[in-house]
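Topology and contacts: notes
Read off the chains here:
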Amino acid sequence: MIDDTYFGITRNAGVLDRWVVESILSGISDSNIDVCYLKHLVEATTPLYSCNRPPGAAGALIVLRDKVIYGWVASPTPLRSCKTDGCEMDDGHCVRNTHSEIQAIIRSARRGLPTEQATMYSILKPCYNCTKAIIHAGIRKVLYAGAAYDEKRTNDLMNYAKIEYGLVDIGLEYGNA
């Protein structure tokens, strides 16, 4: 059973509501729950993606027991977004927005949701800086659908921190070069 305490915001604002969680989890065996979470994450966060640069979808989902929370790529409210004011570039990267993994961790903290021992689902493999935040948050498992940031230093960091991580094939067409 899903705990309603953490589902006060609509899907469009990024938090899974009770109906969505139950529809994801109903009748799912443990062997394909990772695929279901990641496919839903792509569907739910694509419209929320606020950068003009590819890939067009990036989201993260933190799951701990019966609690689930989203993060998506967006500028901190009420700051302007790439969609309204263009990208803010620094060394070839847009820095106007917060990465979805960081946003999911922050949203968990703001709602009093623990992240220690949680699993994070991310559309794209977390970048180096997001990986550091994941380690600080105590997240122990990271599953992703694309590997746009497949850097050795990120892998080394996850291995050193003993974070279980891996690619889950959901047929994602970008980020798997």
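See the structure above.
No experiment lies behind these values; they were computed from the predicted model shown. (Residues numbered from 1 in each chain as written. Predicted model: local features only at pLDDT ≥ 70, side-chain atom pairs only at ≥ 80, totals over all residues. Heavy atoms only, no water.)

On to helix α4 (residues 100–110). Listed in full, the buried residues belonging to α4 are S100, E101, Q103, A104, I105, R107 and S108. The elements touched by buried residues of α4 are β1 (59–64), β2 (67–72), β5 (119–124) and α5 (128–137). Phi turns positive, to about 75 degrees, at G112, one or two residues after α4. (Buried < 20%, exposed > 50% of the residue type's maximum accessible area, 1.4 Å probe, protein only. Helix = DSSP H or I, 4+ residues; strand = E, 2+ residues; numbered from the N terminus. Contact = heavy atoms within 4.5 Å.)

Relative to the elements of secondary structure, D34 occurs in helix α2 (residues 33–45). With no salt bridge to any partner, buried D34 finds its closest opposite charge in K141, at an N-O distance of 4.7 Å. Excluding anything up to four places from it in sequence, D34 contacts Y121, L143 and V168. (Lys, Arg positive; Asp, Glu negative; His and termini not counted. Salt bridge = Lys/Arg side-chain N within 4 Å of Asp/Glu carboxyl O.)

The next subject is the sheet that holds strand β7 (residues 164–167). Spatially, β2-β1-β5-β6-β7 is the arrangement adopted by the five strands of the open sheet, whose pairing is mixed. Unpaired on one side and paired on the other, β2 and β7 mark the two borders of the sheet. Neighbouring strand axes in the sheet, compared pairwise and without regard to direction, differ in orientation by 15 degrees on average. Lying over the sheet, α4 contacts β1, β2 and β5, oriented at roughly 135 degrees with respect to β2. (Pairing = 2+ DSSP bridges. Axes fitted to C-alpha atoms, helices over the stretch in contact; angles between N-to-C directions.)

Further remarks concern the nonpolar core. Nonpolar side chains in soluble globular proteins generally cluster together in the buried interior. Residues L38, L41, L61 and Y121 are the most contacted members of the largest nonpolar core, which totals 20 residues. When contributions to this core are tallied by element, the ones reaching two or more residues are α2, β1, β2, β5 and β6 (141–146). With 18 residues, the next largest nonpolar core counts L64, A104, I134 and I139 among its residues. (Core = buried A, V, L, I, M, F, W, Y, C linked by side-chain atoms within 4.5 Å.)

To continue, consider the pattern of salt bridges. Scanning the model with the defined rule gives five salt bridges in all. D150 is paired through a salt bridge with K125; the nearest N and O atoms lie 2.7 Å apart. Of this pair, D150 sits in the loop between β6 and α6 (152–160) while K125 sits in the loop between β5 and α5, placing them 25 residues apart in sequence. Given the relative accessible area of 1%, K125 is considered buried. The shortest N-O distance in the salt bridge between D156 and K152 comes to 2.7 Å. Linking D156 with K152, this pair stays in helix α6, spanning four residues, or about one helical turn. By relative accessible area, which is 37% here, D156 ends up partly exposed. Look at K152 and you get exposed, because its relative accessible area is 61%.

The next point concerns the packing of α4 against α5. Where α4 meets α5, the axes come as close as 9 Å, and the angle between the chain directions of the two elements is 25 degrees. With respect to their mutual orientation, α4 and α5 come out roughly parallel. Of the two possible hands of crossing, α4 and α5 adopt the one that is left-handed. Contacts from E101, I102 and I105 in α4 reach C130, A133, I134 and A137 in α5. Here the residues of the contact of α4 with α5 are counted per class, giving six nonpolar, no polar and one charged. (Parallel < 35°, antiparallel > 145°, perpendicular 65-115°, else oblique. Left-handed = near helix turned anticlockwise from the far one by under 90°. Nonpolar A, V, L, I, M, F, W, Y, C, P; charged D, E, K, R; others polar.)

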